[in-house]
Amino acid sequence: MKLKIKDELEASMPVPSDLLFYQVEKVPKAPSSYSFQCPVFFPQMLTYILSFLPLSDQKEASLVSQAWYCAAQNALRETNVQYNIPVSSASLPAIKSLGLRGITCISLTNLDDSPASHEVLECVAYHLGPHLQSLCLSGGSPSEAAFVALILGCPALRILDLSGCNSLFTSGMLLAQPETAQRVQQVLSGLCELNLAGLWDLTNLSFNRLSSCAPSLERLSLAYCHLTFELGPAWGSLGPQDSSPSQLSFHNLLRFVKERAGRLHALDLSGTGLLPEVLQALGQVAGLQLQELSLHGCQDLSTEAVAALCRLQSGLISLDLGGCSGLADRALVAISRGLGHLQHLSLRKLQRLTDAGCTALGGLQELQSLDLAECCLVSGWGLAQALGSGHRAPAPLASLSLAYCTSLKDASVLSLISVLSPSLRVLDLSSCVALTNRTLQAICAYLTHLSVLRLAWCKELRDWGLLGLGEPSEEPTQEPQDHLRAKFRRNLRSRSLFPQLHQELEHQASGPKEPPQPQGPSLLMLRALQELDLTACIKLTDASLAKVLRFPQLRQLSLNLLPALTDKGLVAVAKGCPSLEHLVLSHCSLLSDEG
């Protein structure tokens, strides 16, 4: 095999300048009658070439040699994935290897204050720290000294996740030394995102120390932190006596927001029990132009407070009001009128939201992601009316979740599917138990560009729906035939008597069967699928699964609770889905070790 790399590169798209200087080297030809020469590429050039291959081909290429394996891993790294590293001595070689590849995004799990954890943190700081941009310590329990040492070794850090790391804030002495705080501030000067969710020991004092070390902060999460609210006649006129150092108060947070109003763009205050007056005070901060706001689970919010927020922060492009049980249709109307540039909206668990409120979604012309999961009164008709209104172009929805919307029926979903944009990539209909094969075949016909499809607990899905076949009809003579067969079995008592007569009766009772012919679109139409969830679709069997689970790009597949799935179906999955990374098969009772 001879490769003309130089000609190919010159004829194709522009190549990075650092690759133009590399030449193709040839392995010296072995004394043989063959003239085959094996090309040897420099690592950077090989990485560049492999980056054009699909994931399954990259995996195959990684088996060629150690050099090709490293090049394939580097090509995968360019997709900006996060590497989860368990904190143990066994991870040290892997950390060194990741350091050689320049990995920029990691998450450390099982982190504690043990000597092994200290060793791992030192290794991370030395091998990964210089080019690390995203660091997640969520749920860990590092000591304050080990944490500071790690941070000082990461000068390029832009994202820091300390959610659930209560051990760092229990004593209240984190960054208490001025010289230490100054060094940390120099290192975190480029930090843009800070996640402090779930820190019950976070106080005004520790929050102020840490936030002062990140002057470039643009995104902040205080979700499920214990915020205190001191109602007063005038919000914002704060003095030193208003902020207690032993608690995290909204007064202190408001002061921070005012100081960073020109730079702060995203705020997550989910689960903090935000009050309507507090939300209004936050929206009135001069110079604040929020783009993303999450208030999930703030059950005391009112429709009036949401309407005021929409007027004051009209530039929002992402809003999460899921679990705000006090909101209903009028809140959605206010959102539609005040947030014309909204792109992502979550209204999960709004039990009072109805189809009448969903009709207001027609005013959100830039909406890309909509989450209406667990809105039990939403049937889909209002949403179909909003998206199908003729006087405006449909919103470019890329993601839609209607999971657990038990009022959904085939008719309303079919009407909705017909008006959904071809740009839709994610559809979640989990636990919509009334949906049948009619919905599935409509999805396969109209939404062929889907990359994620979730149909968990849709128990009425059957094999013929996945295969694109017509619904099987009942044979009128089936009952008499079954009765005749049972009668003769009782009379003969044994298969050993009159075997020829027995076989003849069996043949007559079963009758001739013609193979069913496809009459509609099958699941195979969704060639771009990367995630599929068929959990608890209990009427599916190998008859369909072995034939339709053939997706070259599928990475995640869930087949939980499928009692008829056998080893045959599992082998078909392995052959038809070469890119599969995550497979869930719990409670599939017919699977064996052989499969």
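So, here is what we can say about the structure in this document. Given the structure is predicted, the values throughout are model-derived calculations rather than measurements.

## Regarding the side chain of aspartate 371
Topologically, aspartate 371 is positioned in strand 15 (residues 369-371). Given a relative accessible area of 14%, aspartate 371 falls into the buried group.

## Comments concerning the environment of threonine 272
You can see threonine 272 is positioned in the loop between strand 11 (266-268) and helix 11 (276-283). Here threonine 272 falls in the buried class, since its relative accessible area comes to 7%. Separated by 47 residues in the primary sequence, threonine 272 and cysteine 225 place their C-alpha atoms 6.1 Å from one another. The residues contacting threonine 272, other than those within four sequence positions of it, are Leu222, Tyr224, Cys225, Leu227, Phe229 and Cys298. Among the polar contacts made by the side chain of threonine 272, one reaches the main-chain carbonyl oxygen of leucine 269 at a distance of 2.7 Å.

## What about the pattern of salt bridges?
Tallying each qualifying case throughout the model produces eight salt bridges. We note a salt bridge from glutamate 531 to arginine 454, for which the minimum N-O separation is 3.0 Å. Note that glutamate 531 is positioned in strand 19 (residues 531-533) and arginine 454 in strand 18 (residues 452-454), a separation of 77 residues in sequence. For glutamate 531, a relative accessible area of 15% translates into the label buried. Note that glutamate 460 is salt-bridged to lysine 539, the shortest N-O span being 3.3 Å. Highlighted residues: glutamate 460 in the loop between strand 18 and helix 18 (463-467) and lysine 539 in the loop between strand 19 and helix 21 (542-548), separated in sequence by 79 residues.

## What to know about the packing of aromatic side chains
Following the criterion strictly, the structure yields three aromatic pairs and no others. When the ring of phenylalanine 207 is compared with that of phenylalanine 256, the centres are 5.3 Å apart and the planes differ by 75 degrees; the resulting orientation is edge-to-face. Of this pair, phenylalanine 207 sits in helix 9 (residues 204-212) while phenylalanine 256 sits in helix 10 (residues 250-259); the two residues are 49 residues apart in sequence, bridging distant segments of the chain. A ring pair is formed by phenylalanine 229 and phenylalanine 250, whose centres lie 6.0 Å apart and whose planes are at 40 degrees; its orientation type is tilted. Linking phenylalanine 229 in the loop between strand 9 (227-228) and strand 10 (248-249) with phenylalanine 250 in helix 10, this pair joins segments that are 21 residues apart in sequence. Under the relative-accessibility criterion, phenylalanine 250 is labelled buried at 0%.

## Points about the pairing of strand 4 (residues 105-109)
Within strand 4, four of the five residues are buried, which leaves the element mostly enclosed by the surrounding structure. Assessed by its sense of winding, the connection that carries the chain from strand 3 (residues 83-86) through helix 5 (residues 92-100) to strand 4 is right-handed. Crossover connection from strand 4 via helix 6 (residues 115-127) to parallel strand 5 (residues 134-136): handedness right-handed.

## Examining the pairing of strand 3
Only one face of strand 3 is covered, namely the one carrying Tyr83 and Ile85; the face carrying Asn84 and Pro86 has none of its residues buried. Strand direction decides the pairing type here: strand 3 and strand 4, joined by four bridges, are parallel. Considered in strand 4, the bridge of tyrosine 83 is made with isoleucine 106.

Conventions and cut-offs
- Residues numbered from 1 in each chain as written.
- Predicted model: local features only at pLDDT ≥ 70, side-chain atom pairs only at ≥ 80, totals over all residues.
- Heavy atoms only, no water.
- Helix = DSSP H or I, 4+ residues; strand = E, 2+ residues; numbered from the N terminus.
- Buried < 20%, exposed > 50% of the residue type's maximum accessible area, 1.4 Å probe, protein only.
- Contact = heavy atoms within 4.5 Å.
- Polar contact = N/O pair within 3.5 Å; in protein donor to acceptor, adjacent residues only side chain to side chain.
- Salt bridge = Lys/Arg side-chain N within 4 Å of Asp/Glu carboxyl O.
- Phe/Tyr/Trp six-rings, centres within 6.5 Å; stacked < 30°, edge-to-face > 60°.
- Right-handed = clockwise from strand over helix to strand, strands pointing away.
- Pairing = 2+ DSSP bridges.

Function-wise, these values are silent; they only describe arrangement.
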